[in-house]
Amino acid sequence: MRLRARLAIVALAIILVPIIVMSLISLDSRIDTMIEDMSRSTDFMIEQIFEQVRLALEQGNGDVAAKLKDSEPVRKVLDSTVAFGPGVVSAALVGTDGKVIVAAHGEGEGKPAPNLPAVAELEADAGHWLLFASLPTLLTSNVYEARRRVEVNNRPVVTISIGITTALIADKARHLLMVIITTAGLVIVGTLLVVTLISNRILEQLAVLTRGYEQLAAGANPSEIKVSGGNELSTLAEKFNELSRKVRADRSRLDNDQTHLFDAVRSIQDGVVLLDGNGTVLFANEKAQTILAPKKEKEALEGAAFATILGNNHPVLALVESAVAGSEAHDVPLVSPDGVKLLVSLFRLGRERVPAGLLVVLRDLQPVIELETALDASNRLARLGTLISGLAHQLRSPLHGMNMRLELLSREAGDVGGKHIDRLRHEVTRLDEAVEALLRFMRPEELKVAEFDMNELLRELGSRAMSDRVSIEYDLDPSLPLIRADRGMIYEALTNVITNADQAMRDGGMLKLSSKTDGSTIELHVADQGHGIAKEQLDRIFDLYYTTKANGSGLGLPFAMRAIELNGGKISIDSQLGQGTVCTVTFPIAANASAKSSVSSAA
């Protein structure tokens with residue numbers, strides 16, 4: 001018995017020690033991987049918030065905190081970060097004074113931001129060479145913070161803060177530790193059985209257990225193992241069955257996580273395509289399908305050859321061949337055969353000479369080009385505004401002096417010259433009004449924001465535009481919510497649009513006013529049956545002083561665009577010669593806008 005006990009101890013030492021060491025190394029590696037994944041996910045979420053903050057800060061002038069508080073996209077991205085971010089418990093924008101400006105679900109706004117340990121401390125604990133020193137910290141649930149400063153003109157204006165809990169990591173770490181302990185216990189029992197059991201019956205039972213472990217290791221799901229008797233083998237079988245159930249649960253959880261990962265990839269704005277080593281499409285999200293094969297079903301992409309989908313002359317194929325040969329491509333601008341401008345990146349999978357596959361990322365450059373165009377137009381308008389404002393101030397003083405002199409002259413000239421002087425005064429007054437209009441355009445009055453019914457405003461405008469020559473048709477959405485904007489400014493802007501539509505129908509026609517909503521925006525349409533606008537003129541209709549009318553000022557549509565943009569909206573015009581013109585105005589729905597009672601859409 002002593003010899004058997006000594007042999008058992010030696011066998012346990014030989015088998016158990018390496019298993020524990022390798023298990024701890026594996027545990028350390030898994031924890032590092034989970035923390036790295038959490039860090040990458042946090043960086044991705046911060047990048048999304050940063051992009052929305054940058055866009056919000058580019059919208060007009062004003063206080064940074066006010067613009068961020070009023071930005072609906074910023075609030076939505078903060079809310080979605082907490083709602084869908086793995087392990088995210090808070091997301092906020094912190095001002096330079098350390099107080100929260102905007103937070104997910106409005107929690108803690110206006111209060112000092114909590115002082116949390118940085119994610120870097122967690123990464124340092126996980127990277128400690130002695131796992132036992134940091135394991136207690138990693139097995140408990142703590143909240144860490146990831147931060148990124150946002151700077152304007154090299155001056156910090158706000159800090160993005162995301163709070164991440166380690167509850168999921170701690171649960172998985174404890175689970176892995178329990179698996180290690182359970183495995184060690186199973187090894188102890190198995191070693192004792194190998195040393196003590198010598199009969200053929202015992203060996204047969206061990207063979208059954210061995211087959212179960214082999215199936216489990218091969219990825220199969222073995223059935224429950226039953227060993228007769230009440231000895232150690234039956235205990236080992238029970239442990240094996242318990243381990244098998246846990247492994248099956250872990251595999252199911254892994255499959256679910258993989259499904260969530262693919263769902264996340266499908267939802268991103270860039271096109272993502274995963275190819276195997278033979279160029280077959282393993283995965284493609286909806287954006288990739290829209291860019292590469294909009295006319296094909298999604299199921300037709302996955303499993304098909306990439307070259308067959310694109311065609312032999314597609315420029316992306318040349319990059320794919322180059323990446324397979326060993327040269328990755330990052331941010332390469334291309335134009336597809338359909339004329340779509342793309343920014344393409346390819347990444348090799350694996351470190352072998354021949355990659356196991358390729359990850360293709362496709363970004364549509366059209367939104368970026370439109371943003372750059374809008375930014376360039378805004379800069380040009382700002383520079384033009386400075387010049388026009390200075391010139392207008394220089395003109396107004398002489399005009400006032402001329403008006404006074406003409407008044408004095410009219411008294412001395414009598415009836416004979418009075419008519420000519422009155423004509424001159426009229427022209428001077430018209431010039432002064434034009435200067436005043438320029439100043440209003442470049443420096444608009446402060447917005448008087450209030451809630452109002454857009455359908456009611458359209459009906460008011462339609463009743464004024466109705467005449468014997470022009471009839472009005474309404475198509476108004478009764479579910480349209482109230483909008484928060486400057487009603488007077490919107491009224492003036494839409495008046496200019498409707499006036500243009502009325503003047504375009506010299507021989508009469510139908511003017512259609514319509515509205516609709518998709519839950520996040522309100523869209524208005526003003527459609528006429530006029531002579532239409534030529535394409536070369538359509539590109540310039542919002543330019544100052546550009547007009548196609550003999551007596552036009554060229555200020556109506558620029559004023560309308562300026563007023564609508566100041567209220568957070570957008571305006572666009574689509575027209576075809578001989579078929580009429582449609583003006584589309586879009587406003588975002590404010591988060592605190594009130595719902596209204598149903599409004600009839602009958603004319």
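Note that the coordinates shown come from a computational prediction; the quantities given were computed from them, not determined experimentally.

Novice: Run through the overall build of the protein chain, naming residues and quoting values.
Specialist: The helix and strand inventory of the protein chain stands at 17 helices and 16 strands. Residues counted as buried form 38% of the 603 residues belonging to the protein chain. Relative to all contacts within the protein chain whose residues are 6 or more apart in sequence, the contacts with residues 24 or more apart total 60%. On the protein chain, roughly 34800 Å² of surface is accessible, and the fraction owed to carbon and sulfur atoms is 55%.

Novice: Help me get a handle on a nonpolar patch on the surface, residues and values and all.
Specialist: Taken together, Val-17, Val-21, Met-22 and Ile-25 make up a surface patch of nonpolar side chains, about 380 Å² in accessible area. Among the structural elements, Met-22 can be located in helix 1 (residues 2-58). Classification of Met-22 by relative accessible area gives exposed; the value is 54%.

Novice: Just give me the short version of the packing of aromatic side chains, but keep the residues and values in it.
Specialist: Evaluation of the coordinates by the stated rule reveals zero aromatic pairs. Directly above the aromatic system of Phe-50 lies the positively charged group of Arg-148, at a separation of 4.0 Å from the ring centroid. The lysine or arginine in question, Arg-459, covers the ring of Tyr-474, its NZ or CZ lying 5.0 Å from the ring centre.

Novice: Can you explain the sheet that holds strand 11 (residues 470-475)? Please cite residues and give values.
Specialist: In spatial order, the strands read 11-13-14-16-15; together these five strands make up an open sheet with mixed pairing. Since the sheet does not close on itself, it has two edges, and those belong to strand 11 and strand 15 (570-576), each with one partner. When the angles between neighbouring strand axes are averaged without regard to direction, this sheet yields 15°. In this sheet, strand 16 (residues 580-588) lies alongside strand 15 in antiparallel orientation, the contact comprising seven bridges. Paired with Ile-573 across the two strands is Cys-583, which belongs to strand 16. Together, strand 11, strand 13 (509-517), strand 14 (521-527) and strand 16 form the strand contacts of helix 14 (residues 454-465), whose direction differs from that of strand 11 by roughly 165°.

Novice: Could you give an account of the nonpolar core, with specific residues and numbers?
Specialist: Counting residues in hydrophobic clusters, the biggest one holds 42 residues, and the most contacted among them are Met-454, Leu-494 and Leu-511. Residues in contact with Leu-494, not counting those within four places in the same chain, are Met-454, Leu-457, Leu-458, Leu-461, Leu-524 and Val-585. Residues Ile-35, Val-119, Val-158 and Ile-160 belong to the second largest nonpolar core, which totals 38 residues.

Novice: Can you break down the pattern of salt bridges residue by residue, with the values?
Specialist: Scanning the entire structure with this criterion turns up ten salt bridges. A salt bridge links Arg-147 to Glu-145, with the nearest nitrogen and oxygen atoms 2.8 Å apart. Overall, the relative accessible area of 8% leaves Glu-145 in the buried class. Glu-151 is paired through a salt bridge with Arg-149; the nearest N and O atoms lie 3.2 Å apart. Judged by relative accessible area, Glu-151 falls into the partly exposed class, the value being 40%.

Novice: Now, about the side chain of Ser-161: what can you tell me, with residues and values included?
Specialist: With respect to the helices and strands, the residue Ser-161 is situated in strand 4 (residues 155-165). Within the structure, Ser-161 has its side chain in polar contact with the side chain of Glu-145 (distance 2.4 Å). Those residues in contact with Ser-161 that sit more than four places away from it in its chain are Ser-90, Ala-91, Ala-92, Val-94, Glu-145, Ala-146 and Arg-147.

Novice: I'd like a rundown of the side chain of Thr-42, residues and numbers included.
Specialist: By the element assignment, Thr-42 lies in helix 1. Within the structure, the side chain of Thr-42 is placed 2.7 Å from the backbone oxygen of Met-38, a separation counted as a polar contact. If near-sequence neighbours (up to four positions away) are discounted, Thr-42 is found in contact with Ala-146, Ile-162 and Ile-164.

Novice: Could you give me a rundown of helix 14, with the residues and numbers involved?
Specialist: Compared with the 16 Å implied by 1.5 Å per residue over twelve residues, the 17 Å span of helix 14 between its first and last C-alpha is a close match. Looking only at helix 14, the buried set comprises Met-454, Asn-455, Leu-457, Leu-458, Leu-461, Gly-462 and Ala-465. Projected onto a plane normal to the axis of helix 14, the buried residues spread over an arc of 160° and lie on a single side. One side-chain oxygen of the residue at the start of helix 14 lies 2.9 Å from the amide nitrogen of Asn-455, identifying that residue as Asp-453.

Novice: If you had to explain the pairing of strand 16 to someone new, which residues and values would you point to?
Specialist: On a regular strand, one side chain projects to one face of the sheet and the next to the other, so that they alternate. The pairing of strand 14 with strand 16 spans seven bridges and is classified as antiparallel. Pairing of Ala-527 across the sheet is with Val-582, part of strand 16.

Novice: Explain the environment of Asp-475 residue by residue, including any values.
Specialist: Summarising the element assignment, Asp-475 is placed in strand 11. Residue Asp-475 is classed as partly exposed on the basis of its relative accessible area of 40%. Spatially, the C-alpha atom of Asp-475 lies 8.6 Å from that of Lys-516, the residues being 41 residues apart in sequence. Ignoring sequence-local partners within four residues, the contact set of Asp-475 consists of Lys-512, Leu-513, Ser-514 and Ser-515.

Novice: Describe the sheet that holds strand 8 (residues 341-349), and please don't skip the residues or the numbers.
Specialist: Overall, antiparallel pairing links the five strands, which are arranged 6-5-9-8-7 in an open sheet. Looking at the sheet topology across the chains shown, the edges are occupied by strand 6 (281-284) and strand 7 (329-335). The sheet shows a mean angle of 20° between the axes of neighbouring strands, direction not considered. Across eight bridges, the pairing between strand 8 and strand 9 (residues 357-364) is antiparallel. The partner of Leu-346 across the bridge, within strand 9, is Val-360. Lying on the sheet, helix 12 (residues 315-325) is in contact with strand 5 (271-276), strand 7, strand 8 and strand 9; it crosses strand 8 at an angle near 20°.

The rules behind each value
- Residues numbered from 1 in each chain as written.
- Predicted model: local features only at pLDDT ≥ 70, side-chain atom pairs only at ≥ 80, totals over all residues.
- Heavy atoms only, no water.
- Helix = DSSP H or I, 4+ residues; strand = E, 2+ residues; numbered from the N terminus.
- Buried < 20%, exposed > 50% of the residue type's maximum accessible area, 1.4 Å probe, protein only.
- Contact = heavy atoms within 4.5 Å.
- Areas by Shrake-Rupley, 256 points an atom, 1.4 Å probe, with all protein chains shown as cover.
- Patch = residues over 30% accessible without salt bridge, like charges linked within 9 Å, V, L, I, M, F, W, Y side chains within 5 Å.
- Salt bridge = Lys/Arg side-chain N within 4 Å of Asp/Glu carboxyl O.
- Phe/Tyr/Trp six-rings, centres within 6.5 Å; stacked < 30°, edge-to-face > 60°.
- Lys NZ or Arg CZ within 6 Å of the ring centre and 35° of its normal.
- Pairing = 2+ DSSP bridges.
- Axes fitted to C-alpha atoms, helices over the stretch in contact; angles between N-to-C directions.
- Core = buried A, V, L, I, M, F, W, Y, C linked by side-chain atoms within 4.5 Å.
- Polar contact = N/O pair within 3.5 Å; in protein donor to acceptor, adjacent residues only side chain to side chain.
- Expected span 1.5 Å × (residues − 1).
- Arc of directions from axis to C-beta.

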